[in-house]
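Overview (structure and organization)
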Amino acid sequence: MAELSDMLRAAIIECRIAPGTLLVENHLVRDYRSTKAKVRGALRKLAHEGFLQPIPRMGHVVTLPTQNEIDEIFVLRGLLEPWLAREAASKIKDEDIRYLRSLEVSVTAEDPESFQRSLRANRSFHLRIAEIAGNSMITELLASLLDKVHRVLHLGLISSVQAGALVDDHRTLIGALEAHDCKQAERVARRQVNDARAMIEPAVGAYWRDGKIGLPLRR
């Protein structure tokens, strides 16, 4: 069975538990048929990861990355992903290329589920490149950064088709990796991070300016 922290994290990332929701310990014990010790451990872990904000004598409220946090996320991605792509290009094997190609998912307005599939595939795509590059600590950090960005996409701040365009554009990077062209792989990865940043940052800024985060919703 999945850890409670993993279940709650997934629900927060996919916005099944919305930003502003107040998580109450006793309610979580009841809803997840868990224990107080396990619930407290899960809440501490998610607060440490930045998904929750403790509120004394009330519970934990689900956060949303601020404009500054999104900026910091993309600064880190801009440093890490080009380096990972360059390293992976020198080490990648034919079976890795086949796996990366298998992750292609086109997003269409006619198929709402395609957006969810594309986000899962996008996460697997980038983490596989990090694994090929051979740095486990960076892979773990990148997983956390991608989860925070995917929260924003799940909120619907940009259309699913627009978001899908961000995660669809993997063919050029795969081509550079397959050719073992380290410099081109680095350039493509940097461009893709910059394109994602240019689309997501203004949407997050508008979300906060419009005051969409209100009083906590009790859960």
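Residues numbered from 1 in each chain as written. Predicted model: local features only at pLDDT ≥ 70, side-chain atom pairs only at ≥ 80, totals over all residues. Heavy atoms only, no water.

Another point: empty space enclosed by the protein. Applying the stated criterion across every chain, the model contains one cavity of 30 Å³ or more. Contributing to the lining of the largest cavity are E81, L84, A85, H126, I129, L142, L173, A189 and Q192. Of all the secondary-structure elements, those providing two or more residues to the lining of the largest cavity are α4 (67–91), α6 (113–133) and α10 (182–209). Here the lining of the largest cavity takes three residues from α4, the largest share from any one element. The class makeup of the residues in the lining of the largest cavity is six nonpolar, two polar and one charged. (1 Å grid on protein atoms, 1.4 Å probe; cavity = no way out; pocket = protein on both sides within 12 Å on 5 of 7 lines; lining within 4 Å. Points joined across faces, edges and corners; volume = space filled by probe spheres on them. Helix = DSSP H or I, 4+ residues; strand = E, 2+ residues; numbered from the N terminus. Nonpolar A, V, L, I, M, F, W, Y, C, P; charged D, E, K, R; others polar.)

Quick look at the pairing of strand β2 (residues 52–55) now. Where β2 meets strand β3 (residues 59–62), four bridges bridge the pair, whose relative direction is antiparallel. When the bridges of β3 are listed, I55 appears paired with G59. Connecting β2 to the next strand, β3, in antiparallel fashion are three residues, including R57 with a positive phi near 65°. (Pairing = 2+ DSSP bridges.)

Let us look at the nonpolar core. Counting residues in hydrophobic clusters, the biggest one holds 22 residues, and the most contacted among them are I70, F74, L84, L142 and I200. Breaking this core down by element, the ones donating at least two residues are α4, α6, α7 (136–154) and α10. Examining the composition of this core, we find that eight residues originate from one element, α7, more than from any other. Formed by 19 residues, the second largest nonpolar core is a distinct cluster that contains L100, I129, I174 and A189. (Core = buried A, V, L, I, M, F, W, Y, C linked by side-chain atoms within 4.5 Å. Buried < 20%, exposed > 50% of the residue type's maximum accessible area, 1.4 Å probe, protein only.)

One non-glycine residue, C15, lies in positive phi territory at about 65°. Counting through the fold element by element, C15 comes out in the loop between α1 (4–13) and β1 (21–23). Phi at R33 takes a positive value of approximately 50°, unusual for a residue other than glycine. Structurally, R33 is set in the loop between α2 (25–31) and α3 (36–48).

Considering the arrangement of structural elements, one finds H154 in helix α7. If we ignore the near neighbours within four places in the chain, the residues touching H154 are I13, E14, C15, Q116 and L119. (Contact = heavy atoms within 4.5 Å.)

It is worth spelling out the packing of α1 against α3 at this point. Angle between the axes and distance between the axes are the two parameters that describe a pair of packed helices. At their nearest, the axes of α1 and α3 sit 9 Å apart, and the two run at 50° to each other. When the axis of α1 is compared with that of α3, the two are oblique. Pair α1 / α3 crosses with right-handed handedness. Residues L4, S5, L8, R9 and I12 of α1 lie in contact with α3, whose contacting residues are K38, V39, A42, K45 and L46. Class assignment of the residues belonging to the contact of α1 with α3 gives a composition of six nonpolar, one polar and three charged. (Axes fitted to C-alpha atoms, helices over the stretch in contact; angles between N-to-C directions. Parallel < 35°, antiparallel > 145°, perpendicular 65-115°, else oblique. Left-handed = near helix turned anticlockwise from the far one by under 90°.)

Before going further, it helps to spend a moment on the environment of L173. By secondary structure assignment, the location of L173 is in helix α9 (residues 171–178). Looking at L173, the relative accessible area reads 2%, which means it is buried.

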